[in-house]
Amino acid sequence: MTSNVKHYWIIILLIFVISCTNKNNSSDNNETTITEISSDNKLEPIAEKVDTIIIDSDMTFEEAVKNTKAPKTVIDQLVLIDVQYLSTDNRTHKGQILTNKKLEEDVRHIFKFMLDSGFVIDKAIPVVQYNWSDSLSMADNNTYSFCYRNVSYSKHAHGMAIDINPRFNPLRWKKENCPNQPEGAVLDTTINGTLHIEHIVVKEFKKMGYKWGHQFSRYYDDHHFEK
Ligand SMILES: [Zn+2]
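Some details on the overall build of the chain
Consideration 1: Assigned secondary structure in the chain consists of 6 helices and 8 strands.
Consideration 2: Traced from its N-terminal end to its C-terminal end, the chain shows the element sequence α-β-α-α-β-β-α-α-β-β-α-β-β-β.
Consideration 3: Considering the chain as a whole, with its 227 residues, one finds that 29% of them fall into the buried category.

Brief notes about the pairing of strand E2 (residues 78-86)
Consideration 1: Bridge count for E2 against strand E3 (residues 92-100) is 9 bridges, and the pairing is antiparallel. Looking across to E3, one finds that Asp82 is bridged to Gln96.
Consideration 2: In textbook terms, the turn of a hairpin is the stretch between consecutive antiparallel strands, and for E2 and E3 this stretch comprises 5 residues, one of which, Asn90, has a positive phi near 70 degrees.

Description of the confidence of the model for the chain
Regions with low pLDDT should not have their predicted coordinates read in detail.
Consideration 1: In this model, the chain carries an average pLDDT of 86, and 78% of its residues clear a pLDDT of 70 or more.
Consideration 2: Considering only residues more than four positions removed or in separate chains, one finds that residues 12-40, a stretch of pLDDT under 50, has 0 contacts.

Considering the sheet that holds strand E6 (residues 211-212)
Consideration 1: Strand order in this open sheet of 3 strands is E4-E8-E6, and the pairing throughout is antiparallel. Of all strands in the sheet, those with a lone pairing partner are strand E4 (161-163) and E6, marking the two edges.
Consideration 2: Pairing between E4 and strand E8 (residues 224-226): 3 bridges, direction antiparallel. Note that in E8 the partner of Ala161 across the bridge is Glu226.

Quick look at the sheet that holds strand E1 (residues 54-55)
Consideration 1: Pairing is mixed across the open sheet formed by 3 strands, whose spatial order is E1-E3-E2. Single-partner strands in this sheet number two, and they are E1 and E2.
Consideration 2: Across the sheet, helix H4 (residues 104-116) is in contact with E2 and E3; its angle to E2 comes to roughly 5 degrees.

Points about the environment of Val127
Consideration 1: Relative to the elements of secondary structure, Val127 occurs in the loop between H4 and helix H5 (134-139).
Consideration 2: Its 23 C-beta neighbours within 10 Å are what place Val127 among the buried residues.
Consideration 3: In this structure the C-alpha to C-alpha distance between Val127 and Ser137, which are 10 residues apart in sequence, comes to 6.5 Å.

Brief notes about H4
A turn of α-helix holds 3.6 residues, and therefore any two residues three or four places apart point the same way.
Consideration 1: Between the first and last C-alpha of H4 there are 18 Å, a value that for 13 residues agrees with the 18 Å anticipated at 1.5 Å per step.
Consideration 2: Three or more residues of H4 are buried, namely Val107, Ile110, Phe111 and Met114. Taken down its axis, H4 places every buried residue within 100 degrees of arc, on the same side. Exposed residues on H4 whose side chains face more than 90 degrees from its buried face are Glu105 and Asp116.
Consideration 3: Positive backbone phi, approximately 75 degrees, marks Gly118, located one or two places after H4.

Observations regarding the pairing of E3
Consideration 1: Within E3, 7 of the 9 residues are buried, which leaves the element mostly enclosed by the surrounding structure.
Consideration 2: Inspection of the sheet shows E1 paired to E3 by 2 bridges, in the parallel sense. Across the sheet, Ile55 pairs through a bridge with Lys94, a residue of E3.

Parameters at a glance
Residues numbered from 1 in each chain as written. Predicted model: local features only at pLDDT ≥ 70, side-chain atom pairs only at ≥ 80, totals over all residues. Helix = DSSP H or I, 4+ residues; strand = E, 2+ residues; numbered from the N terminus. Buried ≥ 20, exposed ≤ 12 C-beta atoms within 10 Å, placed from the backbone. Pairing = 2+ DSSP bridges. pLDDT = per-residue confidence, 0-100. Contact = placed C-beta atoms within 7 Å. Axes fitted to C-alpha atoms, helices over the stretch in contact; angles between N-to-C directions. Expected span 1.5 Å × (residues − 1). Arc of directions from axis to C-beta.

Here it is as structure tokens:
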């Protein structure tokens, strides 16, 4: 081999070595990228947790009407509806409303309206969870429709009324010196979830043809809407 040919081979060898080194570098880069992606993936469960809907109620229809004193003719009029709402913890919750089939579309509409407008519903759980005691349900600020009680006059007995956040919107007597219901609850319209005459949720209920308990003769039943 001449000296020139030797140089030629040395240069070829150098090019080969350099190109291999570059390949290694580029594969190192790829590894770095993969590591970054996988560390991003590790963050995902945290983001998911923030978006997760909190389940307040997830009953079957049979569970929701269990041990009710209502006759079959009344039970046959009912439907159990899944609803979503913004709760007092500023997170989206899923609850359920057991109501009359005639109100199904209204209930779906008003819950979407309340969620879209950022109106808070503390919780919505069928009253069976409170052993069919509407007093316990009201004291717990629970939004509900069907409860088989005061059958002669209450629209709740057929699921034709709905109570919205009873503790935020207590029943207040107009003349009689009786305690608010639920007892100890005080009206404060600055709290999200509280209704008043000009409130858009009240106006939306009225638009759908509901009578608001605020207009009852003996008391302001501010949480109550009926058809
Ligand atoms: Zn009511």
